Amino acid sequence: MIGTNLRIGARLGLAFGVVLLITGLMALTGMWRLGSLKDEARKLAYEEVERASLTQKWVENIRINWVRTAAALHAASSERVTVLQKEMDGTSKVISELQKQLEPMINDDKGKALFADIGKYREAYRGPRADLLKKKLAGEDVTAAVDATLLPLATAYLKSLDVLIDHMDDQL
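Residues numbered from 1 in each chain as written. Predicted model: local features only at pLDDT ≥ 70, side-chain atom pairs only at ≥ 80, totals over all residues. Heavy atoms only, no water.

Along the backbone of the protein chain there are four helices and zero strands. Counting helices and strands in the order they occur from the N terminus, the protein chain gives α-α-α-α. The C-alpha radius of gyration computed for the protein chain amounts to 30 Å, which surpasses the reference 16 Å derived for 172 residues by more than 25%, pointing to a less compact arrangement than a globule. The C-alpha extent of the protein chain, read off along each of the three principal axes, is 110 × 25 × 20 Å. (Helix = DSSP H or I, 4+ residues; strand = E, 2+ residues; numbered from the N terminus. Rg over C-alpha atoms; globule rule 2.2 N^0.38 Å.)

Have a look at this one:
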């Protein structure tokens with residue numbers, strides 16, 4: 001056996017050196033793992049903050065457009081309807097951009113399905129909104145249709161986004 005010819009003090013010193021070497025290797029491995037964990041935590045936090053920011057902006061813009069839509073469809077003058085419609089078109093472009101930015105940040109299948117549902121709800125809302133705006137510009141009274149038709153569609157659109165937000169929160 002190795003070290004049988006060594007004195008007890010030398011053997012103890014050698015054993016202590018081996019234990020010290022193993023402890024040093026464990027400490028280095030721990031530091032390396034903590035460093036990579038820190039990078040992952042920073043990346044995760046950045047992505048989550050970015051996703052939360054994008055979805056919050058999306059919700060805010062939907063609400064802004066809903067207020068503009070209701071105001072336009074209740075407006076007395078067609079000039080006011082035209083001004084509000086231009087503002088809604090601009091906000092819709094912002095929403096489309098937010099949607100494009102958010103889409104690659106959703107990685108799981110359920111999230112992708114929920115995201116696709118939001119697109120369907122958005123189109124289900126935008127089509128009737130455009131029709132009612134055309135009718136309003138043509139001089140028709142569409143105030144009854146705002147609450148009866150458009151409000152439930154806007155509410156469903158917002159709820160579909162809330163479902164995605166809840167799902168993303170659950171992923172954490």
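Next comes the rest of the account.
On to the side chain of Asn65. Position of Asn65 relative to the elements: it lies in helix H1 (residues 8-74). Overall, Asn65 belongs to the buried group, its relative accessible area being 2%. Only 3.2 Å separates the side chain of Asn65 from the backbone oxygen of Met88, close enough to count as a polar contact. A polar atom in the side chain of Asn65 sits 3.3 Å from the side chain of Ser92. Those residues in contact with Asn65 that sit more than four places away from it in its chain are Glu87, Met88, Thr91, Ser92, Ile95, Tyr125 and Arg129. (Buried < 20%, exposed > 50% of the residue type's maximum accessible area, 1.4 Å probe, protein only. Polar contact = N/O pair within 3.5 Å; in protein donor to acceptor, adjacent residues only side chain to side chain. Contact = heavy atoms within 4.5 Å.)

Among the nonpolar cores identified, the biggest contains 32 residues, and Trp58 and Leu164 are the most heavily contacted of them. Tallying contributions element by element places helix H4 (residues 143-171) first for this core, with nine residues. Residues within four places of Leu164 in sequence aside, it is in contact with Leu102, Ile106, Gly111, Leu114, Phe115 and Ile118. (Core = buried A, V, L, I, M, F, W, Y, C linked by side-chain atoms within 4.5 Å.)

Glancing now at the side chain of Ser160. Tracing the backbone shows Ser160 in helix H4. At a separation of 2.6 Å, a polar atom in the side chain of Ser160 contacts the main-chain carbonyl oxygen of Tyr157. For Ser160, the residues in contact, after removing those within four places along its chain, are Ile118 and Tyr121.

With 29 residues, H4 ought to run about 42 Å at 1.5 Å a step, and its terminal C-alpha atoms sit 41 Å apart, in line with that. Of all the bends in H4, the largest measures some 40 degrees and sits at Leu150, one to four residues before the proline Pro152. Buried within H4 we find Val146, Leu150, Ala154, Tyr157, Leu158, Ser160, Leu161, Leu164, Ile165, His167 and Met168. On the buried face of H4, the contacting elements are H1, helix H2 (78-102) and helix H3 (109-137). (Expected span 1.5 Å × (residues − 1). Bend = angle between axes of the 7 residues up to and from the residue.)

Further remarks concern the pattern of salt bridges. Pairs can form between side chains of opposite charge once their charged atoms are near each other. Per the stated rule, a full pass over the model turns up four salt bridges. In this structure, the salt-bridge partner of Arg126 is Glu123, at a minimum N-O distance of 3.6 Å. Residue Arg126 and its partner Glu123 are both found in helix H3; the two are separated by three residues, about one turn of the helix. With a relative accessible area of 48%, Glu123 lands in the partly exposed category. (Salt bridge = Lys/Arg side-chain N within 4 Å of Asp/Glu carboxyl O.)

What follows is about the packing of H1 against H3. Describing two packed helices takes the angle between their axes plus the distance from one axis to the other. Relative to each other, H1 and H3 sit at 20 degrees, their axes nearing to 10 Å. Comparing the axis directions of H1 and H3 gives the class roughly parallel. In the crossing of H1 with H3, the sense of the turn from one axis to the other is left-handed. Contact with H1, carried on its side by Trp58, Asn65, Trp66, Thr69, Ala72, Leu73 and His74, involves Phe115, Ile118, Tyr125, Arg129, Leu132, Leu133 and Lys136 of H3 and no other residues of that element. For the contact of H1 with H3, the per-class residue count stands at nine nonpolar, three polar and two charged. (Axes fitted to C-alpha atoms, helices over the stretch in contact; angles between N-to-C directions. Parallel < 35°, antiparallel > 145°, perpendicular 65-115°, else oblique. Left-handed = near helix turned anticlockwise from the far one by under 90°. Nonpolar A, V, L, I, M, F, W, Y, C, P; charged D, E, K, R; others polar.)

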